[in-house]
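Close look at the chain arrangement
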Amino acid sequence: MTSTPEKDKPEYSPKESNLASCMNMEPLDNNHFLYCGECNKEPEVHCPAHGPYNYIQDKEVPEGDPLKAEHTLPDCLEIKTSKIAGAGLGVFSKEGLQSKIMFGPYGGAIITDNHKSGYCWKDGKEATATSNWMRYVNCAMKEADTNLVALQNKEGIYYCTLKPVSPGEELLVWYGVEFSRELVLIRDKNSQKHTKIHKGKRQYKCEVCGLLCKHSSILKIHMRIHSGERPYMCDKCGFACNKSSTLKTHMRTHSGERLFKCEVCGHACNKSGNLKNHMRMHTGERPYICEVCGKTYKLRDNLKTHIMKHTGERPYKCEICDYSCTRSCDLKTHMKKHTGERLHK
Ligand SMILES: C[S@@+](CC[C@H](N)C(=O)[O-])C[C@H]1O[C@@H](n2cnc3c(N)ncnc32)[C@H](O)[C@@H]1O
């Protein structure tokens, strides 16, 4: 492909060149670059060889829409389970896309602390309910699968198609080696080698979610997640679960066995996860962050309950009256009104 001679380089004009309004920019400096995937260069304003980007705008949503991330999705795309096993949701092209389509900017609040999240870019932007659909775009596992490139223009991050995307294809961006490693999408060399050792042997595939297992026995246990089968039952309280190890842990609630001891205050727990939660009392760590309002929590369940305030969800419903609430303990307290049980003894 020949590039346009220097003197014939088109002057930037949004109207003439069909450039996105988001690109109505001042001269770019080192921090404000565009990248042309086809010629593998960082051109000024637009790639002289391959022309302008076409911009597909986010769908407009009302101010404060708690489902902004879903509702901003342009019609040509859809959000569904990613083709990458275990990656959660992903974004797919419905009808196919040309090369050099630009989406963005990546929405989210600016965060100041150094916390790591799969939803924030290195410059400190965090996708939240202030975020748009771009938070659902996954990272390609190998270069050949990458069809999006991330561009920074002024303060915004934009995703552009590097090549034509077929109908039904998942949009996959490349986060960069360092950031992917932080998110544990890339492992260190040693563990990569280790993965390679096992790679060829993981031939048992779950037909429901694509998980690959090394042994058929592991796949058999995994399948219980999908079938709902719970063959292990506690003979003391009837609790049922799908793994013998889970029953073993559960039995500690009856035996009072507390194997996990806090080295700071001596508090003992029956599960390692409970000790981890307890340790946050000492460290003050609040790793669970509400993506809508930024409130932080020490416990995942507390964040889950809090999020219901934003979504309006009230899963605990009284069968006698129309009372509903976000916590089972509140429903329990409420039920005492119907049963006549005294609220405070
Ligand atoms: C920007 S979000 C992408 C949307 C996410 N899949 C979801 O369901 O919300 C980034 C997170 O998705 C997951 N992810 C993205 N690419 C992945 C990949 N190649 N393999 C595994 N997980 C991936 C990781 O959990 C990562 O922290």
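Quick notes on the rules
Residues numbered from 1 in each chain as written. Predicted model: local features only at pLDDT ≥ 70, side-chain atom pairs only at ≥ 80, totals over all residues. Heavy atoms only, no water. Core = buried A, V, L, I, M, F, W, Y, C linked by side-chain atoms within 4.5 Å. Buried < 20%, exposed > 50% of the residue type's maximum accessible area, 1.4 Å probe, protein only. Helix = DSSP H or I, 4+ residues; strand = E, 2+ residues; numbered from the N terminus. Contact = heavy atoms within 4.5 Å. Pairing = 2+ DSSP bridges. Expected span 1.5 Å × (residues − 1). Phe/Tyr/Trp six-rings, centres within 6.5 Å; stacked < 30°, edge-to-face > 60°. UniProt positions renumbered as here; feature names shortened; annotations may be inferred.

Moving on, we get to the nonpolar core. Counting residues in hydrophobic clusters, the biggest one holds 19 residues, and the most contacted among them are Leu 77, Val 91, Leu 97, Trp 133, Tyr 159 and Leu 171. For this core, the elements supplying multiple residues, two or more each, are β4 (101–103) and β9 (156–161). Other than its neighbours up to four places away in sequence, Val 91 contacts Leu 73, Leu 77, Glu 78, Ile 79, Trp 133, Tyr 136, Val 137, Glu 169, Glu 170 and Leu 171. Grouped together as the second largest cluster of nonpolar side chains are 7 residues, Met 102, Val 149, Cys 160 and Leu 162 included.

For the rest of this paragraph, the subject is the environment of Lys 100. When you line up the elements, Lys 100 lands in the loop between β3 (89–93) and β4. A relative accessible area of 7% means that Lys 100 is categorised as buried. The sequence separation of Lys 100 and Val 149 amounts to 49 residues, and the corresponding C-alpha distance is 9.6 Å.

Let us look at the pairing of β9. By the criterion of burial, β9 is predominantly enclosed, with 6 of the 6 residues buried. Residues Gly 156, Tyr 158 and Cys 160 of β9 are buried on one face, and the alternating residues Ile 157, Tyr 159 and Thr 161, pointing to the opposite face, are buried as well. With 2 bridges connecting them, β4 and β9 associate as antiparallel partners. Bridge assignment links Met 102 to a residue of β9, and that residue is Cys 160.

This part is about helix α8 (residues 300–311). Taking 1.5 Å per residue, 12 residues should reach 16 Å; α8 reaches 17 Å between its end C-alpha atoms and fits that length. Residues of α8 that are buried in the fold lie against β17 (288–289) and β18 (296–297). Directly after α8, the chain includes Gly 312, whose backbone phi takes a positive value near 85°.

This part covers the side chain of His 306. Topologically, His 306 is positioned in helix α8. Residue His 306 is classed as buried on the basis of its relative accessible area, which comes to 7%. When neighbours within four sequence positions are excluded, His 306 is seen to be in contact with Cys 290, Cys 293, Lys 295 and Tyr 297.

For a regular strand, side-chain orientation follows a simple rule: the groups alternate between the two sheet faces. Counted residue by residue, β3 has 4 buried out of 5 residues, so it is predominantly covered. Across 5 bridges, strand β2 (residues 77–81) lies against β3 in antiparallel orientation. Considered in β3, the bridge of Leu 77 is made with Ser 93.

A word on unusual backbone geometry. Pro 105 follows Gly 104 through a cis peptide bond whose omega is 0°. Looking at the element boundaries, Pro 105 is found in the loop between β4 and β5 (109–110). Non-glycine residue Lys 100 carries a positive phi angle of around 65°.

Here the focus is the packing of aromatic side chains. Inspection of the entire model under this criterion finds 2 aromatic pairs. Measuring from ring centre to ring centre gives 5.2 Å for Phe 103 and Trp 133, while their planes differ by 85°; the resulting arrangement is edge-to-face. Residue Phe 103 is found in strand β4, and its partner Trp 133 is found in the loop between β6 (125–126) and β7 (138–139); the two are separated by 30 residues along the sequence. Like Trp 133, Phe 103 is buried. Centre to centre, the rings of Tyr 106 and Tyr 159 are 6.0 Å apart; their planes meet at 55°, and the pair counts as tilted.

Those residues carrying the UniProt feature "domain: C2H2-type" (unreviewed entry) are residues 204–231, 232–259, 260–287, 288–315 and 316–343 in this numbering. This span, residues 260–287, is 43% helix and 14% strand, and a straight line between its end C-alpha atoms measures 21 Å. For the annotated span residues 288–315, helix accounts for 43% and strand for 14% of the residues, and the straight-line distance between the end C-alpha atoms is 21 Å.

Take Leu 148: it is sitting in strand β8 (residues 148–153). Ignoring anything within four residues of it in the chain, the contact list for Leu 148 reads Val 137, Tyr 159, Cys 160, Thr 161, Leu 162, Leu 171, Leu 172, Val 173 and Trp 174.

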